[in-house]
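So you can see what is in the structure, the chains are spelled out below.
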Protein chains: 2
Amino acid sequence: MVTGRKKSFDLKEACVRAAREVIAEQGIEALSMRDVARKLGISHQAPYRHFESRDHLLAEIMRRCFVDFAEHLDRRKSSDGNGDHEDMGSAYLAYAAQKPLEYRLMFGTPWPEPARHPELVKYAVHAFDILRNSQRAKYGDLPTHYAKADLDALFIWSTLHGMASIMQANVMQHLVLAPGVMPRLKADLMHKIDAALEASSRPAPKPGPTRRKPATR
Amino acid sequence: MVTGRKKSFDLKEACVRAAREVIAEQGIEALSMRDVARKLGISHQAPYRHFESRDHLLAEIMRRCFVDFAEHLDRRKSSDGNGDHEDMGSAYLAYAAQKPLEYRLMFGTPWPEPARHPELVKYAVHAFDILRNSQRAKYGDLPTHYAKADLDALFIWSTLHGMASIMQANVMQHLVLAPGVMPRLKADLMHKIDAALEASSRPAPKPGPTRRKPATR
DNA sequence: TCTCTTTTGTTGACGCCGTCAACTATCATT
DNA sequence: AATGATAGTTGACGGCGTCAACAAAAGAGA
């Protein structure tokens, strides 16, 4: 009597599923409460029994996306137990390519206010922690090197996320690139990430100022 | 009589300005035709004399954003005539940080159909060409090295765009990073970009397959 | 079994939005 | 002054998110 689970036909679940379909097919901004209601053959107010507002529904979907995303990354990483970040990178890009709209929902859309709910934040942060922990492990998990590891993780994330978004960006379709670039793109990116991490960890990290040339003004 | 320019008070111009204000203040999705009309004290249909639809207005704004963005990048680059890509990078990140919503409009929003207008595409591509040309110049503008230069440009773009979006992403605000990471972030990124480009151009570029390890399946 | 309360779903309204259609005011050109 | 284009107004329509009031259904206690 207190659980509230197990309905005759769990409408809440059905709403989420229908909404995710709409998003995957028509995009985030096309999602409307009335749409999912129509799709389920119920009245336009029924979904409001399970979600306070459109934003709350969106937040729940985002939460699930983060869960799925983290699972996706975890699966690839643990497939051979070595956690090679090239695998991680491939998995990351694959997810973004396969579910572009859900990826955009997580990382490219301003979070609605209900999305600040701790439950969502927890899973979102967890996804980053997968990457971060792999880098910290690389440095032997020494707290002394946490900052270095975090910088590495942010660099990897930047590059992967950047590539993922760029591939979806509309400008991309209009660029005329030199022949042979597109097929080599992913491998080249991974190679450069490797090179950057290797180079940045070997020579003494210079704590000096950014510029080596005096600014003009 | 044929130019159509110079009205008593150029309403088209005023619409664009008002719309950009709304976007900068309230976000892209908050922009409404009726809002700009209200803001200008005119009837809700007046803007339609100058823009076929909301999407056409949005497209015009995007076009101007790309123009501004390219100008912004050009200005920094030519300030000392050397086109150091660290300057470019700083300029890129600075723009994204200063006009986050306009940046999102250009690179993070699905283009409405009217945005495929050649005029817009032209300026969007031009912004990328600034980056690409600087890389091609690095290789002495030899067509033989265009592919390499384009890969470099895409890598730089990925990393910069990734960092720019990540800094705006909502997840970022919830990450607890090791102390000292945030202040070092930008410099570290530039340093890693440098390292990646240097390393990838020095050793013989391996044209071999992506993986060095046989795939598990 | 018959109430009584809580939960779940429906109907109808409100104000906002984008946009179409029809009307009017303004103004350069003949 | 007459004309025809151009710019702006008013009013309507359907779709949206959401509030409020109602109805049906389901559990719990007697």
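Residues numbered from 1 in each chain as written. Chains lettered and ligands numbered in written order. Predicted model: local features only at pLDDT ≥ 70, side-chain atom pairs only at ≥ 80, totals over all residues. Heavy atoms only, no water.

The environment of DNA strand D is made up of 21 residues, and the closest members are A:Arg34, A:Gln45, A:Tyr48, B:Ser43 and B:Arg49. Each atom of DNA strand D within 4 Å of the protein belongs either to a base or to sugar and phosphate, the latter forming 40%. Here a phosphate oxygen of DNA strand D and a side-chain polar atom of B:Ser43 are 2.8 Å apart. Interatomic distance of 2.8 Å between a side-chain N/O atom of B:His50 and a phosphate oxygen of DNA strand D. When residues of the surface near DNA strand D are assigned to their parent elements, the largest contribution, 3 residues, is made by helix 2 (residues 33-40) of chain A. Considering only residue class, the surface near DNA strand D consists of 7 nonpolar, 8 polar and 6 charged. (Near = heavy atom within 4 Å. Polar contact = N/O pair within 3.5 Å; in protein donor to acceptor, adjacent residues only side chain to side chain. Helix = DSSP H or I, 4+ residues; strand = E, 2+ residues; numbered from the N terminus. Nonpolar A, V, L, I, M, F, W, Y, C, P; charged D, E, K, R; others polar.)

The interface is formed by 64 residues belonging to chain A together with 64 residues belonging to chain B. For the pair chain A and chain B, the summed buried surface comes to about 5500 Å²; carbon and sulfur atoms form 65% of the total. Linking chain A with chain B are 2 salt bridges. Put simply, A:Asp152 and B:Lys192 hold a salt bridge, and the shortest N to O gap is 2.9 Å. On inspection of chain A and its partner chain B, the count reaches 10 residue pairs in polar contact (both at pLDDT 80 or more). (Contact = heavy atoms within 4.5 Å. Buried area = accessible area lost by both parts, 1.4 Å probe. Salt bridge = Lys/Arg side-chain N within 4 Å of Asp/Glu carboxyl O.)

Looking now at the packing of aromatic side chains. A ring pair, where both rings are aromatic, is described by two values, the distance of the centres and the angle of the planes. Residues and elements named next belong to chain A. Applying the stated rule across the entire model yields 20 aromatic pairs over all chains. When the centroid spacing of 5.8 Å and the interplanar angle of 75 degrees are considered together, the rings of Tyr92 and Tyr103 count as edge-to-face. Of this pair, Tyr92 sits in helix 4 (residues 85-98) while Tyr103 sits in helix 5 (residues 100-107); the two residues are 11 residues apart in sequence, bridging distant segments of the chain. There is no split in this pair, since Tyr92 and Tyr103 are both buried. Ring plane angle 70 degrees and centroid distance 6.1 Å describe the contact between Phe107 and Trp157, whose orientation is recorded as edge-to-face. Highlighted residues: Phe107 in helix 5 and Trp157 in helix 7 (residues 146-168), separated in sequence by 50 residues. (Phe/Tyr/Trp six-rings, centres within 6.5 Å; stacked < 30°, edge-to-face > 60°. Buried < 20%, exposed > 50% of the residue type's maximum accessible area, 1.4 Å probe, protein only.)

With that settled, consider the environment of B:Ser32. Residue and element names in this part refer to chain B. Relative to the assigned elements, Ser32 resides in the loop between helix 1 (11-26) and helix 2 (33-40). Of the residues examined, Ser32 reaches a relative accessible area of 25% and is grouped as partly exposed. It is 8.2 Å that separates the C-alpha atoms of Ser32 and Ala19, two residues lying 13 residues apart in sequence. Here Asp35 takes part through its backbone nitrogen, which lies 2.9 Å from a polar atom of the side chain of Ser32.

With that out of the way, let us pick up the nonpolar core. The biggest cluster of nonpolar side chains holds 128 residues, and the ones touching the most others in it are A:Trp157 and B:Trp157. Not counting residues within four places of it along the chain, the set of residues in contact with A:Trp157 comprises A:Tyr92, A:Phe107, A:Phe128, A:Leu131, A:Gly162, B:Ile166, B:Val171, B:Met172 and B:Leu175. (Core = buried A, V, L, I, M, F, W, Y, C linked by side-chain atoms within 4.5 Å.)

The final tally for this structure, using the stated rule, is 30 salt bridges over all chains. For A:Asp152, the salt bridge identified is with A:Lys138, shortest N-O distance 3.0 Å. Of this pair, A:Asp152 sits in helix 7 while A:Lys138 sits in helix 6 (residues 118-138); the two residues are 14 residues apart in sequence, bridging distant segments of the chain. Judged by its relative accessible area of 1%, A:Asp152 is buried. A relative accessible area of 43% means that A:Lys138 is categorised as partly exposed. We note a salt bridge from B:Asp68 to B:Arg20, for which the minimum N-O separation is 2.9 Å. Residue B:Asp68 is found in helix 3 (residues 54-78), and its partner B:Arg20 is found in helix 1; the two are separated by 48 residues along the sequence. Taking relative accessible area as the criterion, B:Asp68 reaches 25% and is therefore assigned partly exposed. According to the relative accessible area criterion, B:Arg20 is buried, its value standing at 17%.

Bringing the protein's contact with DNA strand C into the picture now. By nearness alone, 20 residues border DNA strand C, and A:Ser43, A:Arg49, A:His50, B:Arg34 and B:Gln45 come closest of all. Backbone atoms, meaning sugar and phosphate, form 41% of the atoms of DNA strand C found within 4 Å of the protein. At a separation of 2.4 Å, a base nitrogen of DNA strand C approaches a polar side-chain atom of B:Arg34. Per-element accounting of the surface near DNA strand C gives the leading share, 3 residues, to helix 2 of chain B. Considered class by class, the residues forming the surface near DNA strand C number 6 nonpolar, 8 polar and 6 charged.

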